[in-house]
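# Descriptive structure summary
Now for the letters of each chain:
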Amino acid sequence: MVKHLGLKAYGKINLGLDVLRKREDGYHEVRMIMQTVGLYDRLDLICRSEPGIRVETNLYYLPNNENNLVYQAADLLMKEFGVSQGLHIRLRKFIPVAAGMAGGSSDAAAVLFGVNKMFGLGLSQQQLMVRGVKIGADVPYCILRGTALSEGIGEKLTPLPPMPQCRVLIARPGISVSTRSVYENLRADRLRPEQHPDIDAMTAAIGEGDIHRVAGLLGNVLETVTIPAHPVIGQLKEAMMDYGAEGALMSGSGPTVFGLFTNPRAAEDAYEDMRYGRGTNLAKQVYLTNFYNRREQG
Ligand code: ATP
C-alpha cells in the first residue's frame, strides 16, 4: 500500500460565467467555462496506523477540523469504505483563499483522488465526481481539470479542447466578498441580454483555438453585483487592459481579476508594475501563470 502521496491541487479561473436561474432547492443553475491555471496548493497525504483524520495547514485562519474541505473529502470516502487506518493531511496553500479560484474545491478533489489511490478503493474518475459534488459544486470540475463547460450546478461537465497557451496575470485586491451574498444579490432575470456572456460563442471560439476571440468574449454575470459594490474590481480590469491584456475579467464570485496576455513581455511588465510599481495599490496578491491543460491528477 502507498504510505505517502504528494499532490498538487490547481486553481481555476472562469472565462465565462452565466447564471440561468435559481432552483427551488436554493442552488443556482449556471453555465460556466472553466480553465485550470498553473497556480497550485501542495498536499501531502500520510497514512497512519492510528485511526482518524488529522489536518495541518500553513495558514492560521483556515480550519484544521471537519470544516476544512480536505477533511470532508477524506472522511466521505474513508467512512463509506470503512478504512481502518488513519490519515494525516498536510496542506500548504498558495491559491488565494475565498477569492473565486476554487482553491478549497481543488484541495478536496486532490484528497478524493489521493484517498482512492492510497487505500486502493478502485473508484473511477466518474465515481469520484459523483461523490465530490456533495462537498462542493466545483469539486467534480477540479477532478476533471483543463478547459470545460460546466452546467447544472457544476456537476454536468463537457471537456473542451485545450486552449492555446497565453500568460495569465492574476490579481487579488485586498477586499473580501462572500460568495453567498453575491449570489443572493444577483437579479439574473432582470439583466439585459447583453449582460449575459455568450457561452455558446465562447465554446465555439475555444473549439477553433481562437484565443483573441475568446478574450473578446470573456464575461461574468456576477460582476453586475460585485463591481458596483467594489469599484476596485473594475479598476483592476481597466489596469490589465492598459497593460496590454487581450481581455480581463473577474473570476467566480471574485474578488480576483485575471488578464489574458498573448504578449509575454507585456505580461511580465504588468506583473512587475503590480508587484513593485504604481499598480501596487490595486492588488494585494499578484501572480503570473499559464493555462494548465493536463487532466491527470497527481
Ligand atoms: P469558489 O471559487 O469555489 O467560490 P473560493 O476561492 O471562493 O472558491 P475557497 O478558497 O475555496 O473559496 O474557500 C472559501 C472558504 O472555505 C474559506 O473562507 C475557508 O474558511 C473555507 N475552507 C475550507 N477548507 C478550505 C481549504 N482547504 N482551502 C481554502 N478554504 C477552505
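For the structure, see preceding data.
We now turn to the structure provided with this report. Bear in mind that the values here come from a model prediction, so they are computed numbers and not experimental data. (Residues numbered from 1 in each chain as written. Predicted model: local features only at pLDDT ≥ 70, side-chain atom pairs only at ≥ 80, totals over all residues. Heavy atoms only, no water.)

## A word on the overall build of the chain
In terms of helices and strands, the chain carries 10 helices and 11 strands. Taken against the 2.2 N^0.38 rule, which gives 19 Å for 298 residues, the C-alpha radius of gyration of the chain at 19 Å falls within 12% of a compact globule. Along the first, second and third principal axes, the C-alpha set of the chain runs to 55 × 45 × 35 Å. The buried share among the 298 residues of the chain stands at 54%. Look at the contacts in the chain between residues 6 or more apart in sequence, and 75% of them connect residues 24 or more apart. Distance from the positive charge centre (33 side chains) to the negative charge centre (31 side chains) of the chain: 6 Å. (Helix = DSSP H or I, 4+ residues; strand = E, 2+ residues; numbered from the N terminus. Rg over C-alpha atoms; globule rule 2.2 N^0.38 Å. Buried < 20%, exposed > 50% of the residue type's maximum accessible area, 1.4 Å probe, protein only. Contact = heavy atoms within 4.5 Å. Lys, Arg positive; Asp, Glu negative; His and termini not counted. Charge placed at Lys NZ, Arg CZ, Asp CG, Glu CD.)

## Digging into the sheet that holds strand E10 (residues 257–261)
Reading across from one edge, E9-E10-E7-E11 is the order of the four strands in this open sheet, with antiparallel pairing throughout. Each having just a single partner strand, strand E9 (247–250) and strand E11 (285–290) make up the two edges of the open sheet. Looking at each pair of strands side by side, their axes are set apart by 20° on average, direction ignored. By the bridge criterion, five bridges tie strand E7 (residues 167–172) to E10 in an arrangement that is antiparallel. Pairing of Leu-169 across the sheet is with Gly-259, part of E10. (Pairing = 2+ DSSP bridges. Axes fitted to C-alpha atoms, helices over the stretch in contact; angles between N-to-C directions.)

## Considering the packing of aromatic side chains
Aromatic ring pairs are reported here in terms of the distance separating the ring centres and the angle at which the planes meet. Scanning all chains against the criterion turns up three aromatic pairs. Summarising the aromatic geometry, the rings of Tyr-10 and Tyr-292 are spaced 3.8 Å apart at their centres and angled 15° between planes, so their arrangement reads as stacked. Here Tyr-292 lies in the segment after E11 and Tyr-10 lies in strand E1 (residues 4–22), a separation of 282 residues in the sequence. The exposure class of Tyr-10 is buried, given its relative accessible area of 8%. Linked through ring pairs, Tyr-10, Tyr-40 and Tyr-292 together constitute an aromatic cluster. (Phe/Tyr/Trp six-rings, centres within 6.5 Å; stacked < 30°, edge-to-face > 60°.)

## Some points on the site of the ligand
If you check the shell around the ligand, you find 20 residues, and the closest are Asn-68, Ala-98, Gly-100, Ala-102 and Gly-104. Within the backbone of Ala-98, one N or O atom sits 2.8 Å away from an oxygen atom of the ligand. For the ligand, whose accessible area on its own is 610 Å², the fraction buried by protein is 77%. Its atoms largely coinciding with the cavity grid, the ligand occupies the largest pocket. With four residues, helix H2 (residues 103–118) is the largest single contributor of residues to the shell around the ligand. Broken down by class, the residue content of the shell around the ligand amounts to nine nonpolar, seven polar and four charged. (Near = heavy atom within 4 Å. Polar contact = N/O pair within 3.5 Å; in protein donor to acceptor, adjacent residues only side chain to side chain. Areas by Shrake-Rupley, 256 points an atom, 1.4 Å probe, with all protein chains shown as cover. 1 Å grid on protein atoms, 1.4 Å probe; cavity = no way out; pocket = protein on both sides within 12 Å on 5 of 7 lines; lining within 4 Å. Sits in = over half its atoms within 2 Å of the grid points. Nonpolar A, V, L, I, M, F, W, Y, C, P; charged D, E, K, R; others polar.)

## Section: the layout of surface pockets
For the largest pocket, the calculated volume is near 1400 Å³. Taken together, 44 residues form the lining of the largest pocket, with Ser-105, Ala-137, Asp-138, Thr-179 and Ser-253 sitting closest to its centre. Those elements giving two or more residues to the lining of the largest pocket turn out to be E1, strand E2 (28–48), H2 and helix H5 (179–185). Grouping the amino acids of the lining of the largest pocket by side-chain chemistry returns 21 nonpolar, 15 polar and eight charged. (Points joined across faces, edges and corners; volume = space filled by probe spheres on them.)

## Comments concerning empty space enclosed by the protein
The final tally for this structure, using the stated rule, is one cavity of 30 Å³ or more. Taken as a whole, the largest cavity spans an internal volume of roughly 40 Å³. Every residue lining the largest cavity is listed: Tyr-10, Gly-11, Lys-12, Thr-36, Ser-106, Tyr-141, Cys-142 and Arg-145. At the level of secondary structure, the elements contributing two or more residues to the lining of the largest cavity comprise E1 and helix H4 (139–144). If you tally residues by element for the lining of the largest cavity, the top one is E1, at three residues. Across the lining of the largest cavity, the residue classes tally to three nonpolar, three polar and two charged.

## Focus on the pattern of salt bridges
Taken as a whole, this structure holds 16 salt bridges when the rule is applied. For Arg-23, the salt bridge is made with Asp-25, and the minimal N-O distance between the two is 2.7 Å. Measuring nitrogen to oxygen at the nearest pair gives 3.0 Å for the salt bridge that ties Glu-296 to Arg-294. What makes Glu-296 partly exposed here is its relative accessible area of 46%. In this structure, a network of salt bridges that share partners links the residues Arg-31, Glu-151 and Asp-200. (Salt bridge = Lys/Arg side-chain N within 4 Å of Asp/Glu carboxyl O.)

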